[in-house]
Amino acid sequence: MWLELQIFGFRALWSPYFLLFVLGLALAFFLITGPYRHKFGGGDRPSKKQQSFFYIALFLLYTVKGSPIDLLTHIMLTTHMMQMAIYYLVFPILVIKGIPKWLWEKAVLRPVIKPALSFLSKPLISILLFNILFSFYHLPAIFNFAKSSQIAHSSISVTILIAAFIVWWPVLTPLKEFDSMPALGKIFYIFANGVLITPACVLIIFADVPIYATYSQDGAWMQALALCVPNDVLQGITYAISGPEMFSPMTTLEDQQLGGIIMKISQEITYGVILARIFFGWFNRESVQIDPLPVANENEYS
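Summary of the structure given here. Think of each chain on its own: its residues are numbered from 1, step by step along the sequence as written. Whole-chain, interface and lining totals are the exception, using all residues; otherwise, since this is a predicted model, local features are given only for residues with pLDDT of at least 70 and side-chain atom pairs are given and counted only at 80 or more. Values shown for side chains rest on all heavy atoms present in the structure; no hydrogens or waters enter the calculation.

**Comments concerning the packing of helix α3 (residues 16-33) against helix α4 (residues 48-65)**
- At a closest axis distance of 10 Å, the pairing of α3 and α4 adopts a crossing angle of 170°. Looking at the two axes, α3 sits roughly antiparallel to α4. Taking contact as the criterion, the partners of F18, L19, V22, L25, A26, F29 and F30 in α3 are, on α4, Q51, F54, Y55, L58, L61, Y62 and K65.
- Put simply, Ala, Val, Leu, Ile, Met, Phe, Trp, Tyr, Cys and Pro go in the nonpolar bin, Asp, Glu, Lys and Arg in the charged bin, and everything else, Gly too, in the polar bin. Within the contact of α3 with α4, the residues separate by chemical class into 12 nonpolar, one polar and one charged. Under this scheme, a helix contributes an axis fitted over its contacting stretch, all axes are lines through C-alpha atoms, and angles between N-to-C directions fall in the 0 to 180 degree range. A run of H or I in DSSP becomes a helix once it reaches four residues, and a run of E becomes a strand once it reaches two; helices and strands are each numbered from the N terminus. Here the angle decides the label: under 35 degrees means roughly parallel, over 145 means roughly antiparallel, 65 to 115 means roughly perpendicular, and every other value means oblique. Should any heavy atoms of two residues lie within 4.5 Å, those residues are considered in contact.

And the structure:
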């Protein structure tokens, strides 16, 4: 497959401009939280763990949105679902955990942002917002439309990403102003998230025909490729490419079913890890809250 992908050229495979953008984010984080943090009213440097979380998040961001994986998302639904799992489930977690508390306070505790986030991060609203947007995005009509226009694709992608940050905020927020949900509530919240994302996966897994024109019709597929392949390159290789099947060992239907399975498994693993972290944190706190043994009255033994 790798040799076949070379036909799309360096820019389509490695997105050098997006790489510069990600490196710019890394440099900005280093400067704002490091040598210039006092100019931003900052406190302590982020811990090594926080820095690792943030830089890993940026590495994953480039991997799924700038490397050849991004090109493959327009060829195989399997790769698209891998991208979705990292971009919407893992990436927001690492960013929330990687940015220090004082920087979140600077960004979030503002006159307009704080009340908006307080409303949108209410458990019922946040959980419905993300799962409805994610599920609607994977309806064939909306999915095919998103893959046909750069503006639509970018707008929908960013909107769902914002919703992904919001859905994780009540569970992972470092700010006490937003941390109002008890541990058992967070456990139920994550469990409910797993249930609500299931219909979108089921639609994809159990469909008995290919449902996305992007992966099954030549015209729609070429439109999707135009989102990441320069127009001059795409026009020059049109004669040499017949469709997604020339880059994949699977049929379109097999690719579609595997994509749904990968999304569901990835979601279960991610939610399971966060669920276990919350449960054991709660359990450990409860286990140490044991009433001390009563102290015997010395007068009883005198």
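Once you've had a look at it, read on.
**Regarding the pattern of salt bridges**
- Salt-bridge detection follows one rule: a side-chain nitrogen of Lys or Arg within 4 Å of a carboxyl oxygen of Asp or Glu. Here the structure, examined in full by the defined rule, presents two salt bridges.
- Between K186 and D179 there is a salt bridge; the shortest N-O distance is 3.0 Å.
- For every residue, the accessible area (1.4 Å probe, protein chains only) is compared with the maximum for its type, and the residue is labelled buried under 20%, exposed over 50%, or partly exposed between those bounds. K186 sits in the buried class, given a relative accessible area of 11%.
- A relative accessible area of 37% means that D179 is categorised as partly exposed.
- Where E268 meets K264, a salt bridge forms, and the shortest distance between an N and an O atom there is 3.1 Å. With E268 and K264 both in helix α17 (residues 252-288) and four residues apart, the pair spans about one turn of that helix.
- What makes E268 partly exposed here is its relative accessible area of 43%.

**Remarks on the nonpolar core**
- If you look at the biggest cluster of nonpolar residues, it comprises 65 residues, and the most contacted ones within it are Y88, F130 and M263.
- Here this core gets 12 residues from one element, more than from any other, and that element is helix α6 (residues 77-98).
- Apart from the residues within four sequence positions on either side, M263 is in contact with M81, M84, A85, L89, F134, I197 and C201. As used in this record, nonpolar core signifies buried Ala, Val, Leu, Ile, Met, Phe, Trp, Tyr and Cys residues forming a set joined through side-chain atoms within 4.5 Å.

**Describing the packing of aromatic side chains**
- Stacked, tilted and edge-to-face pairs are distinguished by plane angle, under 30 degrees for stacked and over 60 for edge-to-face with tilted covering the rest, among Phe, Tyr and Trp rings (Trp via its six-membered ring) whose centres lie within 6.5 Å. Enumeration over the complete set of coordinates arrives at 18 aromatic pairs.
- Relative to F21, the ring of F18 has its centre 5.8 Å away and its plane inclined at 40°; by these criteria the two rings are tilted. Of this pair, F18 and F21 both sit in helix α3, three residues apart, which is roughly one turn of that helix.
- Accessibility expressed as a relative area gives 23% for F18, which makes it partly exposed.

**Some points on a nonpolar patch on the surface**
- Taken together, the side chains of L124, L128, I132, F136, L139, L196 and L203 present a nonpolar region at the surface, about 600 Å² in accessible area.
- Top element by residues in the nonpolar patch is helix α9 (residues 123-137). It accounts for four residues.
- Within the secondary structure layout, L139 lies in the loop between α9 and α10 (140-146). Residues enter patches when their relative accessible area tops 30% and they take part in no salt bridge; the joining distance is 9 Å for like charges and 5 Å for the nonpolar side chains Val, Leu, Ile, Met, Phe, Trp and Tyr. Working definition of accessibility: Shrake-Rupley area with a 1.4 Å probe, residue cover restricted to the visible protein chains.

**Quick look at the side chain of Q256**
- Looking at where Q256 falls in the secondary structure, it is placed in helix α17.
- Classification of Q256 by relative accessible area gives buried; the value is 3%.
- Pairing of N or O atoms within 3.5 Å defines a polar contact, subject to two protein rules: one partner must be a possible hydrogen donor and the other a possible acceptor, and residues neighboring in sequence count only if both atoms are side-chain atoms. In terms of polar contacts, Q256 uses its side chain to reach the backbone carbonyl oxygen of V209, at 3.2 Å.
- Discounting residues that sit within four places of it in the chain, Q256 has contacts with L77, I204, A207, V209, P210, I211 and Y212.

**Points about helix α12 (residues 183-196)**
- An ideal rise of 1.5 Å per residue puts 20 Å on 14 residues; α12 measures up with 20 Å between its terminal C-alpha atoms.
- Every buried residue of α12 is listed here: A183, K186, I187, Y189, I190, A192, N193 and G194. Expected helix span is taken as 1.5 Å per residue step, with the number of steps being one fewer than the number of residues.

**Remarks on unusual backbone geometry**
- You will see that S15, though not glycine, has its phi angle at about 40°, which is positive.
- Within the secondary structure, S15 is located in the loop between α2 (9-14) and α3.

**Looking at the side chain of T73**
- For T73, the location among the structural elements is in the loop between α5 (68-72) and α6.
- Excluding its chain neighbours within four sequence positions, the residues that come into contact with T73 are T79, H80, Q83, K147 and Y215.

**Regarding the environment of D232**
- Turning to its location among the elements, D232 is positioned in helix α16 (residues 231-237).
- A residue is classified by how much of its surface remains accessible, and D232, at 56% relative accessible area, is exposed.
- C-alpha of D232 to C-alpha of G98: the two residues are 134 residues apart in sequence and 40 Å apart in space.

**Points about the environment of Y88**
- As for its position among the elements, Y88 is in helix α6.
- With 88 residues separating them along the chain, Y88 and K176 place their C-alpha atoms 24 Å apart.
- Polar contacts involving the side chain of Y88 include one to the main-chain carbonyl oxygen of S157, which spans 3.2 Å.

**Some remarks on α3**
- For α3, built from 18 residues, the straight-helix expectation of 26 Å at 1.5 Å per residue is met to within 8% by its first-to-last C-alpha distance of 26 Å.
- Of the residues making up α3, those classed as buried are V22, A26, F29 and T33. All buried residues of α3 project into a common sector of 60° when viewed along the axis, lining one side. Opposite the buried face of α3, at more than 90 degrees from it, the exposed residues are Y17 and L20.
- In this structure, the buried side of α3 is in contact with α4, α6 and α7 (101-108). Working definition: the arc comes from the directions between the helix axis and the C-beta atoms, pointing outward to the latter.

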